[in-house]
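# Summary of structural features
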Amino acid sequence: MRKLEKFFDWYGQYVARKPFFFILVPALLTIVSTYGFLSFSTQDDIWDIYAPTNGLSRVEEAGIRRFEYASGSHHHRMQILVSKKNRGNILTNEALDEVSQAHKFVADNITVWDGQNQIAYNNLCGIYCNDSNAAVLAFLQATLNDTSRSSFKLTFPNAEALQKKIFIGYSIGDLKFEKGYVTEAKMVILHYMVDTSLPNGRQLAADFETKVRNFFSSITDISHHIKYSVLSRTRELEEQRAITITSLPFLGLTIIVLTAFMLLTLVRFPLYTSQHWQSIVGVLSPGMALWTTTGLLWGLGYPFSNILTVVPFLVVTIGIDDAFLILAGWRQSTKGESLEVRLGQSVAISGASVTVTSVTDVACFATGLFSNMPVVQLFCLYTTVALAIDFIYQMTFFTALVGVFVRKQVDIEKELIKTETKIEKTKEDESSSSSSLASLLTFVPTISQEAHTRNILEVFIDFLHTWMAKFIVLVAFFAHIMICLALVSKVNTNFDMENLYLEDSPLTDISRRMQNFVLGEAFVVNFGVFPMPDFDNAEMREKFEEMVKKLETMPGYGAGKENTNLWTREYSNAVAFWGETEDFWHKEDMVSNYREYGMDEKYITMKNDTNGDKIIDGFFFTITYQNFSNFLEVESFLEDRRAILKNYSSYFTISSHHPFEKVPTESAASAPFNFISTSVSAVVLMSLLVLVFVMNFEAIISVVISIVSICLGIVVYLHLWNVNLDAVSLISMLMSIGFSVDYSAHVCYHYFAHVHEDEQLWRSHNYAETRDRLLSTFRGVAWPVMQSGLSTILGMFPLMFVRAYVVAVFWKTVILVGILGMLHALVLLPVIFILTHDVKLLFRRKRTVNPSPHSMELAS
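About the criteria used
- Residues numbered from 1 in each chain as written.
- Predicted model: local features only at pLDDT ≥ 70, side-chain atom pairs only at ≥ 80, totals over all residues.
- Heavy atoms only, no water.
- Helix = DSSP H or I, 4+ residues; strand = E, 2+ residues; numbered from the N terminus.
- Buried < 20%, exposed > 50% of the residue type's maximum accessible area, 1.4 Å probe, protein only.
- Contact = heavy atoms within 4.5 Å.
- Areas by Shrake-Rupley, 256 points an atom, 1.4 Å probe, with all protein chains shown as cover.
- Lys, Arg positive; Asp, Glu negative; His and termini not counted.
- Charge placed at Lys NZ, Arg CZ, Asp CG, Glu CD.
- Pairing = 2+ DSSP bridges.
- Expected span 1.5 Å × (residues − 1).
- Arc of directions from axis to C-beta.
- Phe/Tyr/Trp six-rings, centres within 6.5 Å; stacked < 30°, edge-to-face > 60°.
- Lys NZ or Arg CZ within 6 Å of the ring centre and 35° of its normal.
- Domains from an automatic or database assignment.
- Buried area = accessible area lost by both parts, 1.4 Å probe.
- Salt bridge = Lys/Arg side-chain N within 4 Å of Asp/Glu carboxyl O.
- Polar contact = N/O pair within 3.5 Å; in protein donor to acceptor, adjacent residues only side chain to side chain.
- Axes fitted to C-alpha atoms, helices over the stretch in contact; angles between N-to-C directions.
- Core = buried A, V, L, I, M, F, W, Y, C linked by side-chain atoms within 4.5 Å.
- Patch = residues over 30% accessible without salt bridge, like charges linked within 9 Å, V, L, I, M, F, W, Y side chains within 5 Å.
- Parallel < 35°, antiparallel > 145°, perpendicular 65-115°, else oblique.
- Left-handed = near helix turned anticlockwise from the far one by under 90°.
- Nonpolar A, V, L, I, M, F, W, Y, C, P; charged D, E, K, R; others polar.
- Disulfide = S-S within 2.5 Å.

## Structural notes on the overall build of the protein chain
Broken down by element type, the protein chain carries 31 helices and 14 strands. By its C-alpha atoms, the protein chain is 115 × 70 × 55 Å across when sized along the principal axes. Evaluated residue by residue, the protein chain yields a buried proportion of 55% over its 860 residues. A sequence separation of at least 24 residues applies to 79% of the contacts in the protein chain between residues at least 6 apart. When the accessible surface of the protein chain is split by element, carbon and sulfur atoms take 60% of a total near 38000 Å². Charge-centre separation for the protein chain: the mean point of 69 positive side chains lies 6 Å from the mean point of 85 negative side chains.

## Notes on the sheet that holds strand β5 (residues 158-161)
Spatially, the three strands line up as an open sheet ordered β4-β5-β6, and their pairing is antiparallel. The two strands at the open ends of the sheet, each matched to only one other strand, are β4 (152-153) and β6 (164-167). Relative to β5, β4 runs antiparallel, the two sharing two bridges. Looking across to β5, one finds that F152 is bridged to A161.

## Points about helix α10 (residues 249-265)
Along its 17 residues, α10 runs 25 Å from first to last C-alpha, staying within 8% of the 24 Å computed at 1.5 Å per residue. Within the sequence span of α10, burial applies to L251, T254, L258, T259, F261, M262 and T265. Down the axis of α10, the buried set is contained in an arc of 160 degrees. They therefore lie on one face. Among the exposed residues of α10, those oriented more than 90 degrees off its buried face are P249, I256 and L264.

## Comments concerning the packing of aromatic side chains
Throughout the structure, instances matching the rule amount to 58 aromatic pairs. Centre to centre, the rings of F752 and F833 are 5.3 Å apart; their planes meet at 85 degrees, and the pair counts as edge-to-face. Pair noted here: F752 is in helix α27 (residues 727-753) and F833 is in helix α30 (residues 805-849), with a separation of 81 residues, a long-range link. Accessibility expressed as a relative area gives 5% for F752, which makes it buried. The positively charged end of R773 is found above the aromatic ring belonging to Y751, 5.2 Å away from the centroid.

## Let's talk about the domain arrangement of the protein chain
Per the domain assignment, the segments of the protein chain are domain 1 (1-40 + 267-418), domain 2 (66-238), domain 3 (466-495 + 666-845) and domain 4 (514-575 + 584-661). Taking only C-alpha atoms, the centre of domain 3 and the centre of domain 4 are 53 Å apart. Of the residues lining the interface, six residues belong to domain 3; the matching set on domain 4 comes to seven residues. In total, domain 3 and domain 4 occlude about 510 Å² of area from one another, counting both sides; carbon and sulfur atoms represent 45% of this. Together, N494, E666 and A669 form the three largest contributors to the area buried by domain 3 at its contact with domain 4, with a combined 69%. Inspection of the domain 3/domain 4 interface yields one salt bridge. The salt bridge partner of R642 is E666, with a shortest N-O separation of 2.8 Å. Seen at the junction of domain 3 and domain 4, the total is two residue pairs in polar contact (both at pLDDT 80 or more).

## Focus: the sheet that holds strand β1 (residues 75-84)
Backbone-to-backbone hydrogen bonds pair the strands of a sheet. The strands run either parallel or antiparallel. Here four strands make up an open sheet; going across it, the order is β7-β8-β1-β9 and the pairing antiparallel. Since the sheet does not close on itself, it has two edges, and those belong to β7 (172-178) and β9 (226-232), each with one partner. Shown here is a sheet whose adjacent strand axes are inclined to one another by a mean of 25 degrees, direction ignored. Note: β7 against strand β8 (residues 181-195), six bridges, orientation antiparallel. Directly across from L175, in β8, lies its bridge partner A185. The strands touched by helix α20 (residues 506-520) within the sheet are β1, β7, β8 and β9, with β9 carrying the most contacts at an inclination of about 85 degrees.

## A word on helix α6 (residues 93-109)
For α6, which comprises 17 residues, the first-to-last C-alpha distance of 23 Å matches the rise-based estimate of 24 Å (1.5 Å per residue) to within 8%. Restricting attention to buried positions, one finds in α6 the residues A95, L96, V99, A102, H103, V106 and A107. Angular distribution of buried residues about the axis of α6 spans 130 degrees; they occupy a single face of the element. In α6, the exposed positions angled more than 90 degrees off the buried face are occupied by E94, Q101 and K104. In the core, the buried residues of α6 are packed alongside β1, α7 (133-145), β8, α8 (201-222) and β9.

## Regarding the nonpolar core
Y50, F208, F216, F544, W567 and Y625 are the most contacted members of the largest nonpolar core, which has 260 residues in total. With 21 residues, the single largest contributor to this core is α30. With residues up to four places along the chain from it excluded, the contact list for F208 reads M78, V106, I110, V112, Y121, L124, Y192 and V194.

## Some points on a negative patch on the surface
Taken together, the side chains of D534, D536, E588 and D613 make up a negatively charged region of the molecular surface. Its place among the elements puts D534 in the loop between β10 (523-529) and α21 (538-552).

## A short note on the packing of α6 against α7
The geometry of α6 relative to α7 is characterised by a closest axis approach of 10 Å and an angle of 165 degrees between their N-to-C directions. One finds that α6 runs roughly antiparallel with respect to α7. For the crossing formed where α6 meets α7, the hand is left-handed. Residues N93, L96, D97, V99, S100 and H103 of α6 touch α7, and the partners they reach there are N133, A134, L137, L140, Q141, L144 and N145. Of the residues contributing to the contact of α6 with α7, the split by class is six nonpolar, six polar and one charged.

## With respect to the state of the cysteines
Here is the idea: a disulfide is a covalent bond, and it sits between the sulfur atoms of two cysteines. As enumerated under the stated definition, the model contains one disulfide in all. The disulfide bridge from C125 ends at C129, spanning 1.8 Å between sulfur atoms. Residues C125 and C129 are joined through a disulfide that is right-handed, its torsion about the S-S bond being 105 degrees. The class for C129 is partly exposed, based on a relative accessible area of 31%.

## Points about the environment of R77
Mapped onto the elements of the fold, R77 is located in strand β1. Sequence spacing of R77 and A205 is 128 residues, and the spatial spacing of their C-alpha atoms is 8.9 Å. Apart from the residues within four sequence positions on either side, R77 is in contact with Y128, H191, Y192, M193, L231, S232 and R233.

## Section: the pattern of salt bridges
For the structure shown, the criterion picks out 27 salt bridges. One salt bridge in this structure joins R233 and D45, with 3.9 Å as the shortest N-O distance. Here the residue R233 occupies a position in helix α9 (residues 233-247), and D45 occupies one in the loop between α2 (19-33) and α3 (46-49), the gap between them amounting to 188 residues. Residue class for D45 comes out partly exposed when judged on its relative accessible area of 24%. For E61, the salt bridge is made with K662, and the minimal N-O distance between the two is 2.9 Å. Separated by 601 residues along the polypeptide, E61 in helix α4 (residues 56-64) and K662 in helix α25 (residues 659-694) bring together distant segments of the chain. According to the relative accessible area criterion, K662 is buried, its value standing at 7%. One continuous salt-bridge network, built from bridges that share partners, spans R87, E498, D509, R512 and R513.

Dropping the structure here:
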């Protein structure tokens, strides 16, 4: 017996002597952890938790934040997507009249109470008050009446009204053009902004949005032609939380299904040997671990996020896997011995295996704590802590209750031994005449005797030793690897915003429409320049213009100066009109000239110089890009744009940013790197842990082959199952590594640790060593491994009713891991063990036939 098994043997006997201490302490910890629920908080801001912590977009976003109009960092934004219910052209007088009336009602009649006064929208909109929805709608109506386009020209994204440029890139979408002019639009977007820097600004914004949403919802029902859809950060959070609200009730169904599965598979005859009470506690123990974890982490200030919805399902299914092993250890213990001895044997048999898989699971998820994705870090934190506490509770609370529940069974068996000395012979006869399923459920001594009828398990092991079985398994394995290698490069890393909501959520369609609009027609990038360049230097102005031309003509997506809003060009035109003098570009005179020309001050920031004079200390400009079809193209474009800015970094300090570049562009871009780095780290860590627990290099090679094969299969088969490699699936990949280790680790540990001591049996025929080892291993863990795999799949079955991508990724991953894990553990690994032994025999025979000169000398 190994040292680890000796320790667990002693520990099991100690638990049997003092079970109530091991029951009481976990129960008290669970109760005390409830205090942490008072500190409950949430973090569902997808624009933060799904963005890489080291992403450049975070830095670029911070650089734009000083320009309030560009960033809106102190304003709450609501967008109303207006379209016809038949998705037709909305640029008609009738439709625009109705939309104008709706907006007028919001602007004039919807007010919020600040505690003292009713505040109208015109006093809430902050620096955006000059950007009137009414002005845009009036302009669109004017273009319909000005058919000659003499005064109003509807071009995009910059239109013209009375020879003055108007930016409408945020206001209309889903366009149709004719000779450069917009002739149809299927979407108009109204914008409402609330200044959150006002006293109680957040509350004012929440109240205003509630009234706006109720209003547009009611007029959508009333209107015969127009549909109004509200998009805001608040609604995004609500729809994400809807996933949690929808999913959590299914946890009860999962518990019922798993409890029923345990009861069914743990029923034995005679009934006093059944483990039905233990099966109930087997579900209770991981539930307590979840409760303790939640209370502990909430008490420490860690927030809850909707991505954590699947954590309870994972912890319950993994916890039940450990329960199966502990109960299998009890069934393998020696009947007739005292409770202390039998529980010691049970924990010795199962404890080491449970420890191996629990440590590998915890370590695997712990690697995700070093990911650069906050959502991955948060998920792995909860999972790591929950699995660690579940392991402790399984080895204390659950094990102690097993000892309590089996006392009656031990007493009955002692009485039977006293009255019937031949009970072991009777049980052996009953076992040999049982059904095929019962033969798999029966855990008899490990040594296979020559004179007895072979059961299905022995037939299966003998079949694995045949050349046909080896050939079939190897061909299937290499075919699987070749398919994976051929398709892995085609795995899609695109990230769609609609994947973050329920499929039947109204926000799914809204998000899809907004995403298509932004990518295809109005990808407006803000460029923040700070500090202010020395434009008094003509060379600096020329360099700046040269850079802007490169930015606005980027191949495929730029459309030239027509899509650029840059105040320096308007300023230059004014300078040219009045006749350029040195004073026009002096920093002391630029502010007065800027205001004199009537230019919009939203593009600039100002400060007082040492003399107390106003000077421009920074500014921003926009360029509208078009024709993106997905975020993979945005990623390529982003790299090219950054390269252009870097070439001019010695002249200007410029930050460029679009919200979709932080999430989902950089999020998707970082997913492959995160997956590769985390997977490699996990595989190396798993190998070291297997080496520590098993101390055999054959086991390491076998486990690594299994992990790599399963992980490749998960990536490729999920791709074929319409799952992309993104921030959500990255978490499931980590999960797959942890699960894949479980199955292989159980088999490897039993195969290499439980070595038969009678080597004479190994030499009785060519494959006796592997046959006896596999028979011992399969009798010890085959059925628990199958129970674990099936229970894990069944545990995720209720989630199939939750129609959300973030949930579907997990249950799809679990199904694949369960199937691939069991096949690798129960078919591929045994064949690898057999082939390895065949190679050893071959070299052993060669050494016997051709002894070395040194051995001959020793023999003589």
